[in-house]
Protein chains: 2
Amino acid sequence: MTTAKRDTYTPETLLSVAVRVFNERGYDGTSMEHLSKAAGISKSSIYHHVTGKEELLRRAVSRALDGLFGILGEEHARVGHAADRLEYVVRRMVEVLITELPYVTLLLRVRGNTETERWALERRRDFDHRVAELLKAAAADGEVRADVEVRLATRLVFGMINSIVEWYRPDGRGMSEREVADTVVRLVFGGLRQAG
Amino acid sequence: MTTAKRDTYTPETLLSVAVRVFNERGYDGTSMEHLSKAAGISKSSIYHHVTGKEELLRRAVSRALDGLFGILGEEHARVGHAADRLEYVVRRMVEVLITELPYVTLLLRVRGNTETERWALERRRDFDHRVAELLKAAAADGEVRADVEVRLATRLVFGMINSIVEWYRPDGRGMSEREVADTVVRLVFGGLRQAG
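Residues numbered from 1 in each chain as written. Chains lettered and ligands numbered in written order. Predicted model: local features only at pLDDT ≥ 70, side-chain atom pairs only at ≥ 80, totals over all residues. Heavy atoms only, no water.

A volume near 260 Å³ is recorded for the second largest pocket. If you trace the second largest pocket, you find it lined by Arg145, Phe189, Gly190, Arg193, Gln194 and Ala195 of chain A together with Arg145, Phe189, Gly190, Arg193, Gln194 and Ala195 of chain B. Of all the elements in the fold, those that place two or more residues in the lining of the second largest pocket are α11 (177-190) of chain A together with α11 (177-190) of chain B. Counted by class, the lining of the second largest pocket contains four nonpolar, four polar and four charged residues. (1 Å grid on protein atoms, 1.4 Å probe; cavity = no way out; pocket = protein on both sides within 12 Å on 5 of 7 lines; lining within 4 Å. Points joined across faces, edges and corners; volume = space filled by probe spheres on them. Helix = DSSP H or I, 4+ residues; strand = E, 2+ residues; numbered from the N terminus. Nonpolar A, V, L, I, M, F, W, Y, C, P; charged D, E, K, R; others polar.)

Below, the structure written as structure tokens:
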């Protein structure tokens, strides 16, 4: 039995509960009933804060997307050689992914069944495209090896970065976001091989 | 309405239908009813071939695991410098992933709710561990840069390779498995940066 708590939620704290449930059950598999149970407040209390689960999804993926797009507005992403800007963006992507782990995890699992999901996918593609443009610019400057195709390389680099959500746990025992970001930058730009 | 076909399935062809449904609906979300509809044969016909959906899962992930473990038995994975063996294994992982795309996709999505899923996760960890050992041996030979931690590097390399299931489509219009494998090997070992 759920003992209904007094509703002391703010939109922010309710969002963090919703994101946890979405990540555990999948967005499609989550009902308002599940959210109500997880939050320990009635469904009508939740409707006091939001119009429904799709609004919670939109707020959650917006937080992830704002974090990612925010990177592109930062000075080091805008000014300098394309290769340096790309390196900065890769590092910051790892940091944002770890700082906003549950929100980015949700964003990466979005499937496209609802309008909000399709909007999120569109925005993700837009972000990927901006990073691919940076990679293309670095290639045009001769700072990226010529034997990798830009679109494929972008996908693989995103694959490496995004995989972090599958295993990173912020339990204090593991690696810091700085260590992970350093390693990703080393591997993405220099690869595994010991420089001769 | 489903018009029941005469059952002309072999265990092999039934498996390929089951894997497609598992990948579309998730293993948990798939019932024998769904499998019966997708195959166009009755549930009892399916039970003629297998004991149930868990046996289909086991056969499917076994196929993926056999493909991956098979690599480790190949000559170039067993003989030579650790760094060359590692490079060979990375290339072959990409090739197996693409050749056995639906089977590896299913393997990578296994959650651990049933005995078969937990067994599959255990075997995956075992494979990852074998590749990590190769990376460690290459590092001990001084052929891998010293400033990346082996376990983290293994995870990131697997993240890059496994991400291929998210976007690779064998439609004949895209890249061949050879092109993808070449690019992965270049990025994993040499990174993006144009060698000075």
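What follows concerns the UniProt feature "DNA-binding region" (unreviewed entry) in chain A. On the UniProt side, "DNA-binding region" (unreviewed entry) is annotated at positions that read residues 31-50 of chain A here. Helix and strand shares over residues 31-50 of chain A are 75% and 0% respectively, and the end C-alpha atoms of the span are 14 Å apart. (UniProt positions renumbered as here; feature names shortened; annotations may be inferred.)

This brings us to the domain arrangement of chain A. All names here are of chain A. Each assigned domain of chain A is listed here: domain 1 (11-50) and domain 2 (60-190). Distance from the C-alpha centre of domain 1 to the C-alpha centre of domain 2: 28 Å. Taken together, the eight residues of domain 1 in the interface contact ten residues of domain 2. The contact between domain 1 and domain 2 buries some 750 Å² in all, and 54% of this surface belongs to carbon and sulfur atoms. Connecting domain 1 to domain 2 are one salt bridge. Notably, a salt bridge pairs Glu12 with Arg63, separated by 2.9 Å at the nearest N-O pair. Viewed at the interface, domain 2 and domain 1 are joined by five residue pairs in polar contact (both at pLDDT 80 or more). The class makeup of the residues in the side of domain 1 that touches domain 2 is four nonpolar, two polar and two charged. (Domains from an automatic or database assignment. Contact = heavy atoms within 4.5 Å. Buried area = accessible area lost by both parts, 1.4 Å probe. Salt bridge = Lys/Arg side-chain N within 4 Å of Asp/Glu carboxyl O. Polar contact = N/O pair within 3.5 Å; in protein donor to acceptor, adjacent residues only side chain to side chain.)

Residue and element names in this part refer to chain B. Along the chain, Asp28 falls in the loop between α1 (11-25) and α2 (32-39). Through-space distance from the C-alpha of Asp28 to that of Asn113 is 8.4 Å; in sequence the pair is 85 residues apart. Ignoring anything within four residues of it in the chain, the contact list for Asp28 reads Lys53, Asn113 and Glu117.

Taken as a whole and assessed by the stated rule, the structure comprises eight aromatic pairs over all chains. Measuring from ring centre to ring centre gives 5.5 Å for Phe69 of chain A and Phe127 of chain A, while their planes differ by 75 degrees; the resulting arrangement is edge-to-face. Here Phe69 of chain A, found in helix α4 (residues 53-73), pairs with Phe127 of chain A, found in helix α8 (residues 115-140); they are 58 residues apart in sequence, far enough to count as distant. In this pair, the class of Phe69 of chain A matches that of Phe127 of chain A, namely buried. Ring centres 5.0 Å apart and planes at 75 degrees place the aromatic pair Phe22 of chain B and Tyr27 of chain B in the edge-to-face group. Cluster of aromatic residues (ring-pair linked, three or more members): Phe69, Phe127 and Phe158 of chain A. Lys53 of chain A extends its terminal NZ or CZ atom over the ring of Tyr27 of chain A, reaching a point 4.2 Å from the ring centre. Directly above the ring of Trp119 of chain B sits Arg58 of chain B, whose terminal nitrogen or CZ lies 4.0 Å from the centroid. (Phe/Tyr/Trp six-rings, centres within 6.5 Å; stacked < 30°, edge-to-face > 60°. Buried < 20%, exposed > 50% of the residue type's maximum accessible area, 1.4 Å probe, protein only. Lys NZ or Arg CZ within 6 Å of the ring centre and 35° of its normal.)

Moving on to the side chain of Thr116 of chain A. Residues and elements named next belong to chain A. Considering the arrangement of structural elements, one finds Thr116 in helix α8. Residue Thr116 is classed as buried on the basis of its relative accessible area, which comes to 5%. Apart from residues lying up to four places away in sequence, Thr116 is in contact with Glu54, Leu57 and Arg58.

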